[in-house]
Amino acid sequence: MNRALKRLSLAVLVMFVVLLININYLQGFDTAKLAALPGNTRALEAQNQYQRGEILTSDGVIIAESKPSNDPIYKYQRYYPQGPLYAAVTGYDSLYSASGIENSEDSVLAGNNSSLAIRNFIDLITGKQHKGANVTTTINSKAQEAAYAGLQQALQGTSRVGAVVALDPATGKILAMVSFPSYDPNLLATHDGTTLNANDKKTLRAAGNPRLNHAINDLFPPGSTFKIVTSSAFFNASTANNPQTTVDSPTQLTLPQTTHVLTNDQGEACGNGSGRTTLIQAFLQSCDTTFGKIGMNLGGNTLNNEAQAFGVNNQSLKIPMPVTASNYTIPPGLALTAFSAIGQFDDQVTPLQEAMFAAAIANGGKLMTPYLVQNVTASDLSTVTTTQQTMLNQAVSPSVATNVGQMMDAAVQNPGGTAFAFNKNNEGGIDIAGKTGTAQNGVHNTGLNDAVFTAFAPFGNPKIAVGVIIQGGGYGATAAAPIAVQVIKAYLATLGIR
Amino acid sequence: MSSVTAPTPAASHGPGVDEQLDLVMRSRRRTELTMLIFAVGIVAFAFINVGYGLNNHLSSKMAEYLLGFIVLVGIAHLVVRRWAPFADPLLLPLAALLNGLGVVMTYRLAAQGKLLNVPMSASATTYQLLYSAIGIGLFVAVLVLVREPRVLQRYTYTLGAIGLALIALPALLPSSISGVPGSPGTKIQLRLAGFTLQPEEFAKLALAASFAGYLVVKRDVLALAGRRVLGIDLPRARDLGPILVAWAASLLLLVFEGDIGTSAVFMGLFVAMLYLATSRTSWLLIGFLLFVVGAFTASKLFSHVGVRFAAWLHPYASNEINGGSFQLVKGLEGMASGGLLGKGLGGGQPYLTTLVQSDFVITAFGEELGLAGLMALLLIYGLIVQRGMRTAISVKDPFSKLLAGGLSFMLALQVFVIVGGVTRLIPLTGITTPFLSQGGSSLVASWLLIGVLARLSDTARRPPPRPIQDEGLTQVVTVR
């Protein structure tokens with residue numbers, strides 16, 4: 001019987017070895033796959049069991065933090081001290097999902113990014129409580145507040161949306177990013193499932209879709225601000241072209257193969273009415289006929305290449321949140337090419353793209369990759385990673401940038417410029433360069449016009465580029481430009497420039 | 001036993017012989033005590049770990065539970081010293097360690113009891129300790145009352161009848177008494193005055209003893225009579241009787257009580273014991289084939305059996321008709337989140353898994369103690385089984401051999417079925433995890449099993465009565 005016992009013992013050994021192999025596979029090799037299962041809420045729930053990292057502005061304002069909670073299950077409560085103000089930046093972190101920086105930088109905020117592995121190991125050995133790393137954003141709190149206040153003033157009480165993005169042209173740092181209407185991320189940070197569901201539904205169904213980041217994930221027609229692209233393509237076409245080059249500026253432009261006649265905004269003459277004027281005059285006056293004609297001469301392909309040089313059609317831009325690609329479609333036919341040259345037809349941009357137009361011009365044609373995360377610091381305050389600024393593209397040559405910049409300056413500073421009206425007082429001496437846009441909207445252009453403005457300042461030494469889009473705001477100069485000016489002034493004040 | 005030629009220590013004065021005798025006779029109770037202190041220490045650390053892991057706070061309740069546990073295992077140790085001084089020194093500490101960790105896990109889960117799909121009240125830990133007390137009480141009773149394991153052989157048919165009756169009882173009773181809330185088709189318990197009892201846990205032990213008694217008598221005829229076909233010795237048709245009865249009993253369980261896991265354990269136990277008794281591989285084949293055919297047919301005929309197979313094959317499916325098993329997947333996710341070193345006791349979220357306190361307790365350990373902890377747990381089970389097998393090999397009479405081998409194998413099989421089930425190695429069948437699951441019957445029955453093994457190992461290791469003999473003098477033999 002002992003022989004049988006020994007054989008049976010061997011069978012038992014095999015059974016245990018099989019079990020051991022199986023759990024080794026499960027817990028040693030299969031963890032990533034299981035953790036990524038669609039219904040697995042453990043990782044998100046676990047976040048509230050230890051202190052998640054803070055999110056800060058570049059000037060040290062805490063915009064997301066975890067505080068000890070009295071909850072019987074979860075030890076920490078995520079808290080957004082500024083509420084809706086920074087929602088477009090932080091996003092939210094709920095029991096079941098996350099967005100914004102909370103989502104994109106989750107692994108460092110949660111503290112399980114591979115770059116933190118050694119620190120975590122030391123903490124484990126020294127018995128220190130696990131704590132996530134802090135993320136410092138590039139946001140400037142003053143610029144952000146000014147942008148939010150401006151949008152609130154323009155849009156509060158309406159169901160329309162708007163967004164502001166401000167960039168540092170030299171580095172690509174995102175100085176302000178506001179999407180309006182916004183929502184309070186604290187509503188979604190609650191640990192109570194029923195409340196969370198109710199708040200989730202409420203914010204998702206609210207007018208203006210506050211949960212959508214209109215600054216980077218919503219598209220609007222650029223209107224006349226697209227003339228920056230058309231002008232750049234015009235200067236690129238020949239080194240002889242400069243702002244003083246005389247171009248056709250008919251009061252009415254009959255579009256080929258149609259009976260449609262393109263006129264300027266109020267049917268006014270462009271320049272002195274002679275039908276010829278300088279390019280800078282047509283730009284500062286924003287003549288649709290002139291740029292429609294230039295667009296037809298250049299052709300859809302050239303405009304497409306130029307637009308892409310500014311970052312349009314880029315499907316892979318991440319800041320680190322993925323940015324919806326702005327769109328330029330090569331039009332089928334000359335008439336539509338004319339429309340596409342003045343920011344109509346299928347032209348669609350994000351407010352971030354608007355800021356990138358101005359930023360590229362301001363930085364001598366060099367378009368820096370926009371980014372939102374300045375650096376990551378571990379819980380012991382040592383720096384883990386710092387974002388390296390990179391050039392996204394040489395959008396235009398430095399000389400072209402100078403030419404376009406000069407024209408943008410004229411649009412604001414010249415008494416005949418579309419944006420001069422709001423700049424009569426010269427804004428405390430700050431030389432702002434910009435371009436307005438008033439995009440027709442809706443079916444057969446029956447909707448309210450979108451107000452668009454892209455600008456950089458100070459003209460001589462650009463420190464900030466701003467893109468503003470107000471849905472249904474009317475004229476760009478009236479609705480969008482004042483907000484851009486507020487943001488510029490607020491930011492330059494922090495730099496000591498007034 | 002005694003040998004007239006064996007020299008007495010007094011006569012030989014040879015140190016070598018003296019040592020040899022001492023080696024054989026060492027009772028190793030001090031080893032047991034050391035290991036027991038070690039086990040209690042681990043349990044104490046586990047309690048502290050839970051306290052800090054849950055809310056950075058140690059409660060006086062923990063100290064009470066720990067103290068109660070220490071008193072219980074202390075009593076068990078003293079009883080072993082007095083009534084089974086030569087018992088295997090590892091059985092008690094290993095069982096105590098598992099039981100202690102089970103109490104800790106019950107405490108840890110009950111602390112977040114409201115979050116569980118099947119909520120636990122705070123008193124669950126007290127009950128778990130109470131069941132431990134009953135279990136250790138039975139362990140003590142076995143050691144004190146059953147002084148010689150062979151007496152059990154006398155009750156072969158009585159025990160068999162008791163075992164079958166215990167199995168059949170829930171199937172015969174209305175499901176208001178025997179049904180398990182929340183799992184239709186499962187009738188495995190007796191609910192009386194707020195307490196539930198799972199008779200099958202005890203039936204397993206009774207039947208193991210009964211099988212051993214029966215097979216000892218019939219082993220020769222089972223092994224030798226028969227005909228050889230294709231190189232396999234086939235038994236005579238009339239000798240197939242007992243295996244068919246066991247098979248019928250296990251199918252009864254499968255069909256009328258919806259308990260596939262226990263039915264597999266029964267079948268495995270009986271087949272293994274048949275093999276031990278006869279050393280004939282044909283019995284293994286016949287038993288295995290019968291079980292597979294039965295289980296396959298049942299899976300086609302009865303929905304609650306088929307569902308298990310579907311869940312095993314497609315646990316990630318989005319609905320239960322296609323096999324989706326929320327429970328199984330949550331358990332796997334929990335183990336995955338534990339990784340290599342685990343989240344620490346009190347640091348994970350085992351409450352997300354349905355029935356984590358009973359069938360899925362292994363996933364809670366996997367999550368909080370990690371792969372390292374779970375491997376340690378499996379090794380503890382493996383060690384108990386190994387000690388049992390060791391006892392079977394060293395014990396001399398065939399009944400004890402069969403009983404020890406069968407019980408050890410049954411424990412191994414039970415661990416294999418439940419751990420393999422929750423880790424998706426085999427189809428999941430809801431049986432308890434010995435010592436670790438919350439609940440009384442399983443814990444008490446497991447202690448009973450350890451008690452029998454301890455008694456058997458004591459018999460195996462007990463030295464032969466020392467012959468009192470001096471050459472040239474009259475030999476005096478004392479008969480106790």
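Residues numbered from 1 in each chain as written. Chains lettered and ligands numbered in written order. Predicted model: local features only at pLDDT ≥ 70, side-chain atom pairs only at ≥ 80, totals over all residues.

**Q** Which residues make up the overall build of chain A, and what values go with them?
**A** Summing up its helical and strand segments, chain A has 18 helices and 17 strands in all. Looking at chain A as a whole, 52% of its 498 residues qualify as buried. Of the contacts formed within chain A by residues at least 6 apart in sequence, a portion of 70% connects residues at least 24 apart. (Helix = DSSP H or I, 4+ residues; strand = E, 2+ residues; numbered from the N terminus. Buried ≥ 20, exposed ≤ 12 C-beta atoms within 10 Å, placed from the backbone. Contact = placed C-beta atoms within 7 Å.)

**Q** How would you sum up the overall build of chain B? Please name residues and give values.
**A** What chain B contains, in helices and strands, is 17 helices and six strands. Going through the 480 residues of chain B one by one, you find that 51% of them count as buried. If you take every contact in chain B between residues at least 6 apart in sequence, the share linking residues at least 24 apart comes to 70%.

**Q** Give me the lowdown on the sheet that holds strand E17 (residues 464-470) of chain A, citing residues and values where you can.
**A** All names here are of chain A. An order of E6-E5-E17-E16-E15 is seen for the five strands of this open sheet, with the pairing classed as antiparallel. The strands lining the two open edges of the sheet, one partner per strand, are strand E6 (174-180) and strand E15 (433-439). The sheet shows a mean angle of 5 degrees between the axes of neighbouring strands, taken without regard to direction. As paired strands, E15 and strand E16 (residues 450-457) are joined by seven bridges and run antiparallel to one another. (Pairing = 2+ DSSP bridges. Axes fitted to C-alpha atoms, helices over the stretch in contact; angles between N-to-C directions.)

**Q** Which residues make up the environment of leucine 341 of chain B, and what values go with them?
**A** Residue and element names in this part refer to chain B. Among the secondary structure elements, leucine 341 is positioned in the loop between helix H14 (326-338) and helix H15 (361-394). Sequence separation of leucine 341 and glycine 366 is 25 residues, and the distance between their C-alpha atoms is 9.0 Å. Leave out the neighbours within four places in its chain, and leucine 341 touches Gly370 and Ala372.

**Q** With reference to specific residues and values, describe unusual backbone geometry.
**A** In this chain, phenylalanine 180 of chain A is followed by proline 181 of chain A through a cis amide linkage whose omega measures 0 degrees. One can find proline 181 of chain A in the loop between E6 and helix H9 (193-205). Here the bond from alanine 457 of chain A into proline 458 of chain A is cis, since omega is -15 degrees, no more than 30 degrees from zero. Locating proline 458 of chain A in the fold gives a position in the loop between E16 and E17. Phi at serine 286 of chain A is positive, roughly 60 degrees, even though this residue is not glycine. A positive phi angle, near 75 degrees, is found at phenylalanine 435 of chain B, a position not held by glycine.

**Q** How would you sum up H14 of chain B? Please name residues and give values.
**A** Residue and element names in this part refer to chain B. Here H14 is 13 residues long and its end C-alpha atoms lie 18 Å apart, about the 18 Å a rise of 1.5 Å per residue gives. Of all 13 residues that make up H14, twelve are buried, and the element is covered over most of its length. Along H14, the residues that are buried comprise Gln327, Leu328, Val329, Lys330, Gly331, Leu332, Glu333, Gly334, Met335, Ala336, Ser337 and Gly338. Where H14 ends, the next residue or the one after it, glycine 339, has phi of about 65 degrees, a positive value. (Expected span 1.5 Å × (residues − 1).)

**Q** Tell me about the sheet that holds strand E13 (residues 383-386) of chain A, and please be specific about residues and values.
**A** All names here are of chain A. If you trace the six strands from one edge of the open sheet to the other, you get E3-E2-E1-E4-E12-E13, paired in mixed fashion. The two strands at the open ends of the sheet, each matched to only one other strand, are strand E3 (76-79) and E13. In the sheet, strand E4 (residues 134-137) pairs with strand E12 (residues 373-377) via four bridges, with the strands oriented antiparallel. Residue pairing across strands places threonine 137 opposite valine 373, the latter belonging to E12.

**Q** Which residues make up the packing of helix H13 (residues 288-298) of chain A against helix H15 (residues 334-341) of chain A, and what values go with them?
**A** All names here are of chain A. Following both chains from N to C, one finds H13 and H15 inclined at 125 degrees, their axes separated by 7 Å at the closest point. Viewed along their axes, H13 and H15 adopt a mutual orientation that is oblique. When you trace H13 past H15, the crossing you get is right-handed. Residues Phe291, Gly292, Ile294, Gly295 and Met296 of H13 lie in contact with H15, whose contacting residues are Leu334, Thr337, Ala338, Ser340 and Ala341. In the contact of H13 with H15, the residues fall into six nonpolar, four polar and no charged. (Parallel < 35°, antiparallel > 145°, perpendicular 65-115°, else oblique. Left-handed = near helix turned anticlockwise from the far one by under 90°. Nonpolar A, V, L, I, M, F, W, Y, C, P; charged D, E, K, R; others polar.)

**Q** Outline the pairing of E3 of chain A, listing residues and values.
**A** Residues and elements named next belong to chain A. Side chains Tyr76 and Arg78 of E3 all project onto a buried face; the interleaved residues Gln77 and Tyr79 project onto a face where none is buried. Pairing between strand E2 (residues 62-68) and E3: four bridges, direction antiparallel. Note on E3: the bridge partner recorded for proline 68 is tyrosine 76.

**Q** Outline the interface of chain A and chain B, supporting the account with residue identities and numerical values.
**A** Contacts between chain A and chain B engage 30 residues on the former and 40 residues on the latter. Only helix H1 (2-29), helix H2 (31-35) and helix H3 (42-46) of chain A provide two or more residues apiece to the side of chain A that touches chain B. By residue number, the principal contributor to the side of chain A that touches chain B is H1 of chain A, which donates 18 residues. Partitioning the side of chain A that touches chain B into residue classes produces 17 nonpolar, nine polar and four charged.

**Q** Mind laying out helix H4 (residues 60-83) of chain B, listing which residues take part and the relevant values?
**A** In a regular helix each residue adds 1.5 Å, so 24 residues correspond to 34 Å; H4 of chain B covers 35 Å between its end C-alpha atoms and thus fits that length. If you check which residues of H4 of chain B are buried, you get Tyr65, Leu66, Phe69, Leu72, Val73, Ala76, Val79 and Val80 of chain B.

**Q** Tell me about the environment of leucine 284 of chain A, and name the residues and values.
**A** Residue and element names in this part refer to chain A. If you trace the backbone, leucine 284 turns up in helix H12 (residues 279-285). Leucine 284 sits in the buried class, given 26 other C-beta atoms within 10 Å. Taking the C-alpha atoms as reference, leucine 284 lies 9.2 Å from threonine 436; in sequence the two are 152 residues apart. Ignoring sequence-local partners within four residues, the contact set of leucine 284 consists of Met407, Ala410, Ala411, Asn414, Gly416, Gly417 and Thr418.

**Q** I'd like a rundown of the environment of glutamate 64 of chain B, residues and numbers included.
**A** Counting through the fold element by element, glutamate 64 of chain B comes out in helix H4. You can call glutamate 64 of chain B partly exposed: it has 13 C-beta atoms within 10 Å.

**Q** Can you explain the confidence of the model for chain B? Please cite residues and give values.
**A** Residue and element names in this part refer to chain B. Averaged over all residues, the pLDDT of chain B is 83; the fraction at 70 or higher stands at 82%. When the criterion is pLDDT under 50, residues 1-23 qualifies, and its contacts beyond four places in sequence or with other chains add up to 17 contacts. Taken over the whole predicted complex, pTM reads 0.66, whereas the ipTM for its chain interfaces reads 0.88. (pLDDT = per-residue confidence, 0-100.)

**Q** Hey, could you go over the pairing of strand E5 (residues 162-167) of chain A for me, with residue numbers and the actual values?
**A** Residues and elements named next belong to chain A. Among the six residues that make up E5, six are buried, leaving the element largely enclosed by the rest of the structure. Of the two faces of E5, the one carrying Gly162, Val164 and Ala166 and the one carrying Ala163, Val165 and Leu167 are both buried. Taking the residues that link successive antiparallel strands as the turn, the E5-E6 hairpin has six residues, and the phi of glycine 172 there is positive, at about 95 degrees. Examined bridge by bridge, E5 and E17 share six bridges and lie antiparallel to one another.

**Q** Account for the packing of helix H9 (residues 199-224) of chain B against helix H17 (residues 440-461) of chain B, naming residues and giving values.
**A** Residue and element names in this part refer to chain B. Packing of H9 against H17 brings their axes to within 8 Å, and their N-to-C directions diverge by 20 degrees. By the angle between their directions, the pair H9 and H17 is classed as roughly parallel. Like other packed secondary-structure pairs, H9 and H17 cross with a definite hand, here right-handed. From H9, Glu201, Phe202, Lys204 and Leu205 reach across to H17, where they touch Ser441, Ser442, Ala445, Leu448 and Leu449.

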